[in-house]
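So you can see what is in the structure, the chains are spelled out below.
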Amino acid sequence: MKNRVPLIAGNWKMFKTISEAADTAKQLANLVSDVEDIDIMIAPPFTALAAVSEIIRDTRIDLGAQNLFWEKEGAFTGEISAPMLIAAGCQYVIIGHSERRQYFGETDETVNQRIKTASTAGLIPILCVGETETQRDDQKTFSVLDKQVTKGLESLILDEHHSLVIAYEPVWAIGTGKTASPDQVQEVHAFLRDLLEKQFGNMHANATRILYGGSVKPDNASELMALPDIDGALVGGASLKPDSFARIIHF
Ligand code: 13P
């Protein structure tokens, strides 16, 4: 029996201007006004955070950012800090997405610094992990995930004020239309929960939500959400349209 409140999160990646993001958020808020017992988060690009924050203020939709830097402020051209995200209205921040690892040189060490910074500042970090197709073919899925989780969460402290979300996003399933099978997803999520138990103990392992991401669509969401260790979804493409994202939220 799952005792975790599901979280359906939308990662808008590098899509939408301020006005497009505001429109989408408005429509989404109307479509999910009936939803109870599910947490909802959207992560627009940095430029649209403040505008979207205003729109979702009195709704049950929370705001997330797609990255942060670990210093509070300083001469770090192009970076955004935790206090800036909090002032813009964020509760969550996505960290270590595979696109950041692949295109922007993120490593488990930099991911770890970001995770700890986010948590200390009072944001809920969403740590993204996942294997590439080659790693899965080479039977390295579990060793890759072990390293990403163990190093990514090294010396993180969890307590009643500091929680964490993990998103399992197999790289080969992102934006490809290929979803991992329910068996593959459940096997990995159970493994991740065991890792959390080793690192943080049973109580925190049971309280931590583990999301699945990778080609989640309205027609596969309910099957995935029924699995015992799946506590929600991190949705890319299908979160860009209010209608399809709302259908996923109503899984
Ligand atoms: P898609 O849902 O487009 O496959 O993207 C998943 C993802 O990367 C969410 O962070």
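Let me sum up the structure you'll find in this document. All figures in this text were calculated on a predicted structure; none of them were measured in a lab. (Residues numbered from 1 in each chain as written. Predicted model: local features only at pLDDT ≥ 70, side-chain atom pairs only at ≥ 80, totals over all residues. Heavy atoms only, no water.)

Concerning empty space enclosed by the protein
This structure, assessed with the given rule, holds one cavity of 30 Å³ or more. Taken as a whole, the largest cavity spans an internal volume of roughly 30 Å³. Lining the largest cavity, in full, are Gly 96, His 97, Ser 98, Arg 101, Cys 128, Val 129, Gly 130, Gln 148 and Glu 169. At the level of secondary structure, the elements contributing two or more residues to the lining of the largest cavity comprise helix H4 (98-103) and strand E5 (124-129). (1 Å grid on protein atoms, 1.4 Å probe; cavity = no way out; pocket = protein on both sides within 12 Å on 5 of 7 lines; lining within 4 Å. Points joined across faces, edges and corners; volume = space filled by probe spheres on them. Helix = DSSP H or I, 4+ residues; strand = E, 2+ residues; numbered from the N terminus.)

Thoughts on the pairing of strand E2 (residues 39-43)
Counted residue by residue, E2 has four buried out of five residues, so it is predominantly covered. Alignment of strand E1 (residues 7-11) against E2, held across five bridges, turns out to be parallel. Looking across to E2, one finds that Asn 11 is bridged to Ala 43. In the classification by handedness, the crossover that spans E1, the intervening helix H1 (residues 18-31) and the parallel E2 is right-handed. Direction of pairing for E2 relative to strand E3 (residues 61-65): parallel, over a ladder of three bridges. Each bridged residue has a counterpart across the sheet, and for Ile 42 the counterpart in E3 is Leu 63. (Buried < 20%, exposed > 50% of the residue type's maximum accessible area, 1.4 Å probe, protein only. Pairing = 2+ DSSP bridges. Right-handed = clockwise from strand over helix to strand, strands pointing away.)

Thoughts on the sheet that holds strand E7 (residues 209-213)
In spatial order, the strands read E1-E2-E3-E4-E5-E6-E7-E8; together these eight strands close into a barrel with parallel pairing. Sheet twist, expressed as the average angle between the axes of neighbouring strands with direction ignored, equals 25°. Direction of pairing for E7 relative to strand E8 (residues 232-235): parallel, over a ladder of two bridges. Directly across from Gly 213, in E8, lies its bridge partner Leu 234. (Axes fitted to C-alpha atoms, helices over the stretch in contact; angles between N-to-C directions.)

On their own, these measurements won't tell you what the molecule is for.
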